[in-house]
Amino acid sequence: MKAIRRFTVRPVLPDPLRPLSDLARNLRWSWHDGTRDLFRSVDPERWAAAGCDPVRLLGSVPPTRLAELAGDQLFLDRLTAVTDDLRDYLTGDRWYQSRTDDLPAAIAYFSPEFGITAALPQYSGGLGILAGDHLKAASDLGVPLIGVGLLYRHGYFRQSLSRDGWQQEHYPVLDPNELPLLPLKEPDGTTAHVTLALPGGRSLHARVWLAQVGRIPLLLLDSDVEENDLGERGVTDRLYGGGSEHRLLQEMLLGIGGVRAVRTYCRLTGHPAPEVFHTNEGHAGFLGLERIAELRADGLDFAAALEAVRAGTVFTTHTPVPAGIDRFDRELVARHFGTGAELPGIEVERILRLGMETYPGGEPNLFNMAVMGLRLAQRANGVSLLHGQVSREMFAGLWPGFDPAEVPITSVTNGVHAPTWVAPEVFRLGARKIGVERAEEALTVGDSDRWDSVADIADREIWELRRSLRELLVMEVRERLRASWRQRGAGTAELGWIDRVLDPDVLTIGFARRVPSYKRLTLMLRDKDRLMELLLHPERPVQIVVAGKAHPADEGGKRLIQELVRFADDPRVRHRIVFLPDYGMAMAQKLYPGCDIWLNNPLRPLEACGTSGMKAALNGCLNLSVLDGWWDEWFQPDFGWAIPTADGSGTDPDRRDAIEAAALYDLLEQRVTPRFYERGESGLPDRWLEMVRHTLSSLGPKVLAGRMVREYVERLYAPAASAHRAMDPRAARELAEWKARVRAAWSGVSVDHVETSDAQATAELGTTLGLRVRVNLGDLGPDDVEVQAVSGRVDEEDRITDASAVPLKPSGAPDQEGRWVYEGPLSLDRTGPFGYTVRILPAHRLLASGAELGLLAVPSDDLVAAAGLLMR
C-alpha cells in the first residue's frame, strides 16, 4: 500500500546530546574531519548506511543507543570539544577580519546550483561545485557572504545504465525536512516567503530555506508550496529542466526572488545588507532589475538607478561558447515584465535593451542572460587567464572599436576547497610534519607560494600513501561496479569477475566530468587496439576509471557514454577499464585521491577552467591534459604532461581528434608509463615521486579556493564596494546625466591632426618624440575625455599587439574653430616594428574603465595614411 502522505519523524535527543543537532545542521561537518569522526562513532554502520549524512543518521539511531551515548562521558567530552571548536570557528576573527582595508560589510553571491555535499544534492557539475567551494572558502576566510540559490525537489538526476549501456535518468523526490536545512521563520513563527507577479494576475510564491555553510548562510527558494497552482509548484522541480518559459521562471525566481529573500533574511537576522552582489553566471542576472526597482521606489530615475546598481555588481561568466548561455525569445521576456506582470515600475523596453544582442553578429530577437549580466555589472571576469581572453573576444561586440584585449573583462582563476577534496590520509601525513593547525591554515587561507614542508616527507612515505589510496579506490570501484551491474540486470553468479577488477599496483588513470561533446569522453577510444595494448601491457599496464553524466536531453552525450561502456564491458579489458554511473561528490572524493593520472582532453579553448584536475593534484595525482583552462596557465613539466593540440583553422574536427588521440597514446606509451614503472636504486619510482612532490609543493598552493576568494575580495569585491559607496543618489544622477550627454555629443568628437617632433622613418631605442594632436571635442570639454597616445609593437597588418597607453595633456585654450591641442611625449621603448596611434575616450571619475561606454574616436584612415604613423 502507498502512503497518502509522507513526513519525517525526528528523534528527541537527550539533553546532553542536544548539541548534535546544531552540529548536524551546520554543513561545516562536510569538510571537518573531527565532526565527521564524532558522528561516525555514534553508530558506524548506520553512518555508512546514511551516506555519511548526520541528519539522516540522527533520524535512524534507536533511543537505546542515544541513551547509552548520553551516559558515555568520553563521548560527551568529545561532543563538547567539537561543539566548542565550531563555536570558535563561527565567532572568531579570521583572514577577512584581520584586513585593514575598507571591505564590504556583506556580499550576496547568487548561483543556480551549489555543490556543498552529497547530502544536499543541488548541483549538476563544475559550476555548482565551484559555487559550493566558493562558499566554504569564504567561510574559512571569514568573508561575510550570503549565498542565494533555488531548492530543486528532484535535484539534477540520478544516473544508472541499461543492460546495453544506455544512460537512464531517475528523479527521486527530496524532502527538505530530511535535508540539512531549516525554514527561515518570521517573528510570528510562519515560514518566510517571497512572491513574484506572473502574467494574467497569477503569482509565484516560494518559501525560503536556510542551509548554514559554516559561517555562510545559504538561502534556497522553493516553489513547492500550497499557495501555488500545480504549474507554479513545479518551477523548482529540477535543475536545468523544462522548456524556455520554465527556465525563465526559474531565473526570475533566482534573481528577483533571491534579492527579496536576502532583504528578508537581513531584516529577520540583523545581518548587514550586501554592498556587493555577485552574479555567478547569467542565470541570476535579473537580480539587477530588482535592485533597480528598489532604487526607483526610493526616487531615482531608471538611468541613475542603473548606474547605482552597476557600481556594486560583479558578474562571472563560466562559458566559453555562446551556445552555453541561456537566451530567450524577446516576446517571452516581454510578456513576463511590465504592467500586469513583474516589475511594473520599469518600462519593458528598458528591460529588453539590457539583454538584446544589439551588436554585429548578434541575433536581435534574442534576450541574452550573459549580455544582461555584463550590462548590469561594472566588473566582470572569466575563470582562468585563457578563459578571460576567450570571453573578451566572445563579448567584444558590446565594446565596439576596442581591441579584445581592452574589453573590460578580467579573470580570476578558479580554485578548489582543499579541506573538502584532500583525502584524510593526505591531510594526516602533512599534519604529522607541520602540525594540525598549520596544515589547516595552509589549506584554507592559501597565502604562500610554496609548501616547502613537502620536502621533509620521505619518498617511501609518499609512495606508500599513494598505494594505499589506490587500494581504497580499487575497493570502492568494485563495490560500485557490482551495484551497477545488478541495476543492469545481472545476477550474482555473473559477477565473480568483479573481484579481479583493477589492481592497486597498476598505474591508474581517472577521467570524470560532465559529458558534453567538447569534453571528448571517447577520445581515448579513437584507436581501440592501441588502447587495448596500453591496458594489457605485460610490464607497464594502465587501468582507467571513467565516470560522468550526459544532460538528459543530450542524445549525443548518451551515445558517447554507451560507446565507452560497451568497450569497458569487453571481457578482455573489463578488469582494466570501468565506467561508474551516477558520478557525484561522494564518488569524486574517493576517485581523485586514488588516481595517479588525471586525464582531461577537451577541445581547446572550450574548457573555461576545469577544476577536477586541481582536486586530483592536491592529492598527489599528476595531470595529463590539453593546454586549456587552468592547465594552460600553470602547466609545468614538473606537474604532469601537456597533450599537444591540433587547433589550426584548416584542421577538420575528425582529423583533429585523430592527431590529438595519437599524441595522447604517444605520451602514455613513451613518457608516462615508463616513468611510473621505472625504479631507482631505492626500489622506488624516484622520478615519478619527484613530480608528485613538485605538484604538491608548487602547484598545490595555486589551486586553492582560499587563493581564489582572496582574489575576488581584493580585486573585485573591495573595488565594487568602494564604487557602491561613492554612487550615492547625487553621484548616480550625475553619472547618468553625464553619460547621456557624452553619448549625444560623441558624433562631434574627432582626431583632426597628428604630428611628431621627428618624422624620421627609423629611430633609436630610448628616443622620445614629442607628440602634438589637434582634436575636435564638439559640445564636450577636456574634463569629459582623455586623449591618449597608444603605442607598441606592430604585426604584419600594422596592428598594435602589446599596446601601452599614455594620456596627453591639453595645451592652452581652444582655437577659433573650437579645436583643442594636446601634447605629450612618445617613448620608443621597444625595438623592431613599432607603431602608435591616438584615440579619445570618455573620462569620468566614477567610471571603472575607459571602455565602459564602448565609445572612442581614432584618426580617420586618410589621416593615418598622411601621418606616416608606422616606424620600422
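Everything here concerns the structure above.
Residues numbered from 1 in each chain as written. Predicted model: local features only at pLDDT ≥ 70, side-chain atom pairs only at ≥ 80, totals over all residues. Heavy atoms only, no water.

Participant: Explain the packing of aromatic side chains to me, please; I cannot follow it from the model alone.
Facilitator: Two numbers describe a pair of aromatic rings. These are the distance of the centres and the angle of the planes. The tally for this structure, following the rule as stated, stands at 19 aromatic pairs. Centroid distance Phe-110 to Phe-277: 6.1 Å. Interplanar angle 35°. Geometry classified as tilted. Of this pair, Phe-110 sits in strand β1 (residues 107-110) while Phe-277 sits in strand β9 (residues 276-280), and the two are 167 residues apart along the sequence. Looking at Phe-110, the relative accessible area reads 0%, which means it is buried. The exposure class assigned to Phe-277 is buried, which follows from its relative accessible area of 1%. An angle of 85° between the planes, with centres 5.1 Å apart, marks the rings of Phe-676 and Trp-688 as edge-to-face. (Phe/Tyr/Trp six-rings, centres within 6.5 Å; stacked < 30°, edge-to-face > 60°. Helix = DSSP H or I, 4+ residues; strand = E, 2+ residues; numbered from the N terminus. Buried < 20%, exposed > 50% of the residue type's maximum accessible area, 1.4 Å probe, protein only.)

Participant: Can you help me understand the sheet that holds strand β18 (residues 597-600) in this one?
Facilitator: To summarise the sheet geometry, strands pair through backbone hydrogen bonds and adopt either a parallel or an antiparallel arrangement. Taken in spatial order, the 6 strands of this open sheet run β17-β16-β15-β18-β19-β20, and their pairing is parallel. What marks the edges here is a single partner per strand, and that holds for β17 (577-580) and β20 (640-643). The average undirected angle you get between the axes of adjacent strands in this sheet is 20°. One ladder, built from 4 bridges, connects β18 with strand β19 (residues 622-626); its direction is parallel. Bridge pairing links Leu-599 to Leu-624 in β19. Along the sheet face, helix α19 (residues 459-487) touches β15 (507-512), β16 (542-547) and β17 and points at about 60° away from the line of β17. Running over the sheet, helix α26 (residues 686-699) touches β15, β18, β19 and β20 and is turned about 80° from β19. (Pairing = 2+ DSSP bridges. Axes fitted to C-alpha atoms, helices over the stretch in contact; angles between N-to-C directions. Contact = heavy atoms within 4.5 Å.)

Participant: I would appreciate a short explanation of the sheet that holds strand β22 (residues 768-776) in the present structure.
Facilitator: Spatial ordering of the open sheet is given by β21-β22-β26-β25, a layout of 4 strands whose pairing is antiparallel. Strands at the two margins of the open sheet, each flanked by one partner only, are β21 (750-756) and β25 (809-810). In terms of strand pairing, β22 meets strand β26 (residues 819-827) through 9 bridges, oriented antiparallel. Considered in β26, the bridge of Val-773 is made with Tyr-822.

Participant: Any chance you could explain the side chain of His-134 here in plain terms?
Facilitator: Structurally, the position occupied by His-134 is in helix α7 (residues 126-141). Polar side-chain contacts of His-134 include one of 3.0 Å to the side chain of Tyr-717. (Polar contact = N/O pair within 3.5 Å; in protein donor to acceptor, adjacent residues only side chain to side chain.)

Participant: Hey, could you run me through empty space enclosed by the protein in this one?
Facilitator: Vacant regions in the atomic arrangement are exposed by a probe of water-molecule size rolled over the atoms. A full pass over the atoms with the stated rule returns 8 cavities of 30 Å³ or more. Roughly 80 Å³ of volume is contained in the largest cavity. In this structure, the largest cavity is lined by 13 residues; those nearest its centre are Leu-481, Trp-485, Ala-568, Asp-569 and Phe-579. Of all the elements in the fold, those that place two or more residues in the lining of the largest cavity are α19, α21 (555-568) and β17. Split by residue class, the lining of the largest cavity holds 9 nonpolar, 1 polar and 3 charged. The space that makes up the second largest cavity amounts to roughly 60 Å³. (1 Å grid on protein atoms, 1.4 Å probe; cavity = no way out; pocket = protein on both sides within 12 Å on 5 of 7 lines; lining within 4 Å. Points joined across faces, edges and corners; volume = space filled by probe spheres on them. Nonpolar A, V, L, I, M, F, W, Y, C, P; charged D, E, K, R; others polar.)

Participant: In this structure, what is going on with the side chain of Asp-784? I would like to understand it.
Facilitator: Position of Asp-784 relative to the elements: it lies in the loop between β22 and β23 (785-793). In terms of polar contacts, Asp-784 uses its side chain to reach the side chain of Trp-738, at 3.0 Å. Among all residues touching Asp-784, those that are not within four sequence positions of it are Trp-738, Arg-741, Leu-841, Pro-842 and Ala-843.

Participant: Which parts of the structure should I look at to understand the pattern of salt bridges?
Facilitator: When the charged atoms of two side chains lie near each other, side chains of opposite charge can form a pair. One pass over the structure, following the stated rule, counts 70 salt bridges. Residues Lys-558 and Glu-169 are paired through a salt bridge, measuring 3.0 Å at the closest nitrogen-oxygen approach. Separated by 389 residues along the polypeptide, Lys-558 in helix α21 and Glu-169 in strand β4 (residues 167-170) bring together distant segments of the chain. A salt bridge links Arg-467 to Glu-471; the nearest nitrogen and oxygen atoms lie 3.3 Å apart. Taken as a pair, Arg-467 and Glu-471 lie in helix α19 at a separation of 4 residues, close to a single helical turn. Residue classification places Arg-467 among the partly exposed positions, given a relative accessible area of 26%. Look at Glu-471 and you get partly exposed, because its relative accessible area is 36%. Within this structure, Arg-153, Arg-207, Asp-222, Asp-224 and Arg-233 form a network of salt bridges that share partners. (Salt bridge = Lys/Arg side-chain N within 4 Å of Asp/Glu carboxyl O.)

Participant: Got a minute to help me understand the pairing of strand β10 (residues 313-316) in this structure?
Facilitator: Two faces, one strand: in a regular strand the side chains alternate between the faces of the sheet. Burial along β10 is two-sided: Thr-313 and Phe-315 and Val-314 and Thr-316, pointing in opposite directions, are all buried. Pairing analysis gives 4 bridges linking β9 to β10, with the strands arranged parallel. Bridging across to β10, Asn-280 finds its partner in Thr-316. Examined bridge by bridge, β10 and strand β13 (residues 379-382) share 3 bridges and lie parallel to one another. By the bridge assignment for β13, Thr-316 is matched with Asn-381.

Participant: Honestly, the environment of Arg-675 in this entry has me stumped. Any pointers?
Facilitator: Here Arg-675 shows up in helix α25 (residues 653-677). Residues within four places of Arg-675 in sequence aside, it is in contact with Trp-641, Pro-685, Arg-687, Trp-688 and Met-691.

Participant: Sorry if this is basic, but what is going on with the nonpolar core here?
Facilitator: A general feature of soluble globular proteins is that nonpolar side chains tend to end up buried together. Formed by 109 residues in total, the largest nonpolar core has its most connected members in Met-524, Ile-597, Leu-624, Trp-641 and Trp-688. Setting aside chain neighbours within four positions, we find Leu-624 in contact with Ile-597, Trp-598, Leu-599, Asn-600, Trp-641, Ile-643, Leu-664, Leu-667 and Leu-668. Leu-253, Val-333, Leu-354 and Val-775 belong to the second-largest nonpolar core, a separate cluster that totals 98 residues. (Core = buried A, V, L, I, M, F, W, Y, C linked by side-chain atoms within 4.5 Å.)

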